[in-house]
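Letter by letter, the chains look like this.
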Amino acid sequence: MYLLELGGEDDRFAACEARSAAAGVELLAPGLATAGAVERQRVETLAYARRASELVGLADADLESASALLSAAAVDREGSVAVRAEDVRGSTGVDTQRVERELGGLLVDRGFDVDLDDPDHVLRALFSDPVAWEREGQLDPREADPEDAGGPGRGDAIPIDDRAVDGEAGCALGWVVAESRRDFGERAPTDRPFFQPGSMDPLLARALANLAGARPGALVVDPMCGTGGVLIEAGLAGADVLGTDAQGKMARGAARNLAHALPDDAAFGTARGDATQLPIPDDAADAVVFDAPYGRQSKIANLDLSDLVAGALVEAHRIAPRAVVVADRPWDAEARAAGWRIENRFERRVHRSLDRHVLVLERGGGESAGVPE
């Protein structure tokens, strides 16, 4: 069993993205989830999961319980160790420095050397209280109405680990096995060869690419690629990427950005094109991702926005079994009309007057049946 440390403002969104690198993901507490298995190299590509650890066990959110848990646990490791404690989102008030001293002392008593600078193994002691969900304005997944969190026709809910203590703070101990690469700040849109206002930040772009299933051997298509932000992140996650845009200027600019950001051996291409009539054979891609134009009066390639998005959804369904759509409103009816099943949906606040709606789509009509793990 593994422990995942989540980031961002929506644990459901982070846990859903983590499914691209882990199986059996279940929310445990604010900022924490468990998983039955993880792909360690894939964890490195995640945006909203910072690290994965082999789970030692769960305890109450106090030093005595954490110490008892570690004392009773087998530690099958060799080399130096360090303990890193965290009060997740400041929710429990635990003294993390004292926790690190006490748990480190227990490991020293068992014959381990402590190396705080470059340890061979890191033990994470994570304390979290569900009160953080309420304080942050997140919907507590344990109290979510099925119609909001994944009931019929509403997408697939992220399940709750049945070992979590309902409504009470807890502690989780785990040995770190993989960490995500936190290099998103090095790829600011303003630093690219071609920049346009409104470009998506790399952190969200990477999450969308992962939700789509970007990985080595996969082909990801963005039919409204803009400056290429999502394609860059999909390419850095190992996928082959292809983008089209109704404006030749954008397609050419995206190509420059991709050439600048991706490794020399990366496979990518862009072209001017109509998202409703893609020059791509049936079933040629593994996933489609696009950020639809915003504004109810938007017109692209002489199409009203509703016709554009509806047509793009039909084309996406023709060429790929999975799609991720970002927009300033829900496009549920259009997605179902195109034959998609809504696997999951999220609303992400951008600012006071704009929410981003994210739809994660799988082929197949009818009600959502959940995600096979």
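Residues numbered from 1 in each chain as written. Predicted model: local features only at pLDDT ≥ 70, side-chain atom pairs only at ≥ 80, totals over all residues. Heavy atoms only, no water.

## Focus on the pairing of strand 11 (residues 240-245)
The side chains of a regular strand alternate, first on one face of the sheet and then on the other. Under the convention used in this document: When DSSP finds two or more bridges between a pair of strands, those strands are recorded as paired. Helix and strand assignments follow DSSP, with helices taken as H or I runs no shorter than four residues and strands as E runs no shorter than two, numbered in order from the N terminus. Throughout, right-handed denotes a crossover for which the path from the first strand over the helix to the second runs clockwise when the strands point away from the viewer.
For strand 10 (residues 219-222) and strand 11, the ladder comprises four bridges, and the chain directions are parallel. Bridge pairing links Asp-222 to Gly-243 in strand 11. Taken together, strand 10, helix 8 (residues 229-236) and strand 11 constitute a β-α-β crossover, and its handedness is right-handed. Relative to strand 12 (residues 268-272), strand 11 is paired through five bridges, and the arrangement is parallel. Across the sheet, Gly-243 pairs through a bridge with Thr-270, a residue of strand 12. Regarding topology, helix 9 (residues 248-261) serves as the crossover connection from strand 11 to the parallel strand 12, and that connection is right-handed.

## Some points on a nonpolar patch on the surface
How we decide: A patch consists of residues exposed above 30% relative accessible area that lack any salt bridge, with like charges linked at up to 9 Å and nonpolar side chains (Val, Leu, Ile, Met, Phe, Trp, Tyr) linked at up to 5 Å. Shrake-Rupley sampling with a 1.4 Å probe provides the accessible areas, and residues are treated as covered by the protein chains on show and by no other component. Between Lys or Arg on one side and Asp or Glu on the other, a salt bridge is scored when a side-chain nitrogen of the former is within 4 Å of a carboxyl oxygen of the latter. Each residue gets one of three labels from its accessible area relative to the maximum for its type: buried under 20%, exposed over 50%, partly exposed in between, using a 1.4 Å probe on protein chains only.
Where nonpolar side chains cluster on the molecular surface, the patch consists of Val-108, Val-114 and Leu-116 and spans about 260 Å² of accessible area. The exposure class of Val-114 is partly exposed, given its relative accessible area of 40%.

## Structural notes on the environment of Pro-189
Let me state the cut-off plainly: Any two residues whose heavy atoms approach within 4.5 Å are treated as being in contact.
Here Pro-189 lies in the loop between strand 9 (170-179) and helix 7 (202-212). With a relative accessible area of 14%, Pro-189 lands in the buried category. Expressed as a C-alpha distance, the spacing of Pro-189 and Gly-228, which sit 39 residues apart in the sequence, is 9.8 Å. With residues up to four places along the chain from it excluded, the contact list for Pro-189 reads Phe-195, Ser-199, Met-200 and Pro-202.

## A closer look at the confidence of the model for the protein chain
For the record, the criterion: Residue-level confidence of the predictor, termed pLDDT, takes values from 0 up to 100.
The pLDDT averaged across the protein chain works out to 90; a share of 89% of its residues lies at or above 70. Here residues 365-373 is modelled with pLDDT under 50, and outside its nearest four sequence neighbours on either side it reaches 23 contacts, counting other chains as well.

## Remarks on the sheet that holds strand 6 (residues 49-60)
Within a beta sheet, neighbouring strands are joined by backbone hydrogen bonds and run either parallel or antiparallel to one another. This is how the line gets drawn: Lines fitted to C-alpha atoms define the axes here, with helix axes fitted over just the stretch in contact, and angles between the N-to-C directions of these axes take values from 0 to 180 degrees.
Pairing within the open sheet is mixed, and its seven strands lie in the order 3-4-1-6-9-8-7. Here the strands that pair on one side only, and so sit at the sheet edges, are strand 3 (26-29) and strand 7 (81-87). On average, each strand axis in the sheet is tilted by 35 degrees relative to the strand beside it, whichever way the strands run. Examined bridge by bridge, strand 3 and strand 4 (residues 32-35) share three bridges and lie antiparallel to one another. Within strand 4, the residue paired with Glu-26 across the bridge is Thr-34. Packed onto the sheet, helix 3 (residues 63-72) meets strand 6, strand 8 (121-128) and strand 9 and runs at close to 95 degrees relative to strand 6.

## Digging into the sheet that holds strand 12
Across the sheet, seven strands lie side by side as 12-11-10-13-16-18-17; this open sheet has mixed pairing. Looking at the sheet topology across the chains shown, the edges are occupied by strand 12 and strand 17 (340-351). Across the sheet, the mean angle separating the axes of adjacent strands is 15 degrees when strand polarity is ignored. Examined bridge by bridge, strand 17 and strand 18 (residues 354-363) share 10 bridges and lie antiparallel to one another. Along strand 18, the bridge assignment pairs His-351 with Leu-354.

## A few points about the pattern of salt bridges
The tally for this structure, following the rule as stated, stands at 20 salt bridges. Glu-233 is the partner of Arg-187 in a salt bridge, and the nearest nitrogen-oxygen pair spans 2.9 Å. In this pair, Arg-187 is assigned in the loop between strand 9 and helix 7 and Glu-233 in helix 8, connecting sequence segments 46 residues apart. The buried category is assigned to Glu-233, whose relative accessible area is 0%. Shared partners join several salt bridges into a network, and the residues in it are Glu-5, Arg-51, Glu-86, Arg-124 and Glu-179.

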